[in-house]
Amino acid sequence: GRGERDRGRLGRPGVARLVRESRLPRDDIVAPNHCEFEWLGGRQARTIEDAIERAHALIASGPSTVVITSAELADTPAEAIETLAIEGARAFRVRTSRLPISSNGTGDLSAAVFVAARMQGKDTPAALAHAASAIFAVLELTAARGTTEMRIVESGALLVNPKRRFEAVAVP
């Protein structure tokens, strides 16, 4: 399987509409994983163009930025995983190596690191690159420890200053 997308459907019928109508108008940034993003949008997003189009539909309901974690698009290599950020007319993607681990909570941690970077004054591509690099560092250490429970406390310094840096690229 390919990560989050194989974990099944989320919620009961009508819940996605309720979230779109009552929650999204209040949010500045939303950060669903790929499966949640498709659930919210009511359709699959297989290409970068699909993802941007669906993100713009969500942005029209309130948030200024949509960050999609664990993105696996048609052009994403099997050995990689991506994080996307769409805001206004701009879109960015950052690709990291896929690690042999699947931990719960990586999307939540990624969203927290992204928002913290934005609050520190980083622009969206810099915040996206930092979040992806930091999450990779945490998961790399977690895998090295032979566990799936994220080693967040042990990775504290890596969350701030990851050893390996992945860059966000603008989507033309």
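Here, every reference points to the structure presented above.
Residues numbered from 1 in each chain as written. Predicted model: local features only at pLDDT ≥ 70, side-chain atom pairs only at ≥ 80, totals over all residues. Heavy atoms only, no water.

Caption draft 1: A look at the sheet that holds strand β5 (residues 169–170). The five strands lie next to each other as β1-β2-β3-β4-β5, forming an open sheet whose pairing is mixed. Strands at the two margins of the open sheet, each flanked by one partner only, are β1 (29–30) and β5. In this structure, strand β4 (residues 90–97) lies alongside β5, joined through two bridges in antiparallel fashion. Across the sheet, phenylalanine 92 pairs through a bridge with alanine 170, a residue of β5. Of the strands in this sheet, β2 (65–71), β3 (80–87) and β4 touch helix α5 (residues 124–144), which is tilted by about 20 degrees from β4. (Pairing = 2+ DSSP bridges. Helix = DSSP H or I, 4+ residues; strand = E, 2+ residues; numbered from the N terminus. Contact = heavy atoms within 4.5 Å. Axes fitted to C-alpha atoms, helices over the stretch in contact; angles between N-to-C directions.)

Caption draft 2: Quick look at the packing of aromatic side chains. Applying the stated criterion across every chain yields a total of one aromatic pair. Ring geometry for phenylalanine 136 and phenylalanine 166: centres 4.9 Å apart, planes at 65 degrees, overall edge-to-face. Residue phenylalanine 136 is located in helix α5, and its partner phenylalanine 166 is located in the loop between α6 (156–160) and β5; the two are separated by 30 residues in the primary sequence. Assigned by exposure class, phenylalanine 136 and phenylalanine 166 land together as buried. (Phe/Tyr/Trp six-rings, centres within 6.5 Å; stacked < 30°, edge-to-face > 60°. Buried < 20%, exposed > 50% of the residue type's maximum accessible area, 1.4 Å probe, protein only.)

Caption draft 3: Unusual backbone geometry, seen in detail. If you check the backbone angles, serine 70 has positive phi at about 50 degrees while not being a glycine. Tracing the sequence through the fold places serine 70 in strand β2. According to the relative accessible area criterion, serine 70 is buried, its value standing at 16%.

Caption draft 4: Seen up close, the environment of serine 97. Mapped onto the fold, serine 97 is located in strand β4. The partly exposed category is assigned to serine 97, whose relative accessible area is 29%. Distance in space between the C-alpha atoms of serine 97 and methionine 119 is 27 Å, their sequence separation being 22 residues. Those residues in contact with serine 97, other than ones at most four positions away along the chain, are Glu79, Ala80, Ile81, Phe136, Arg164 and Phe166.

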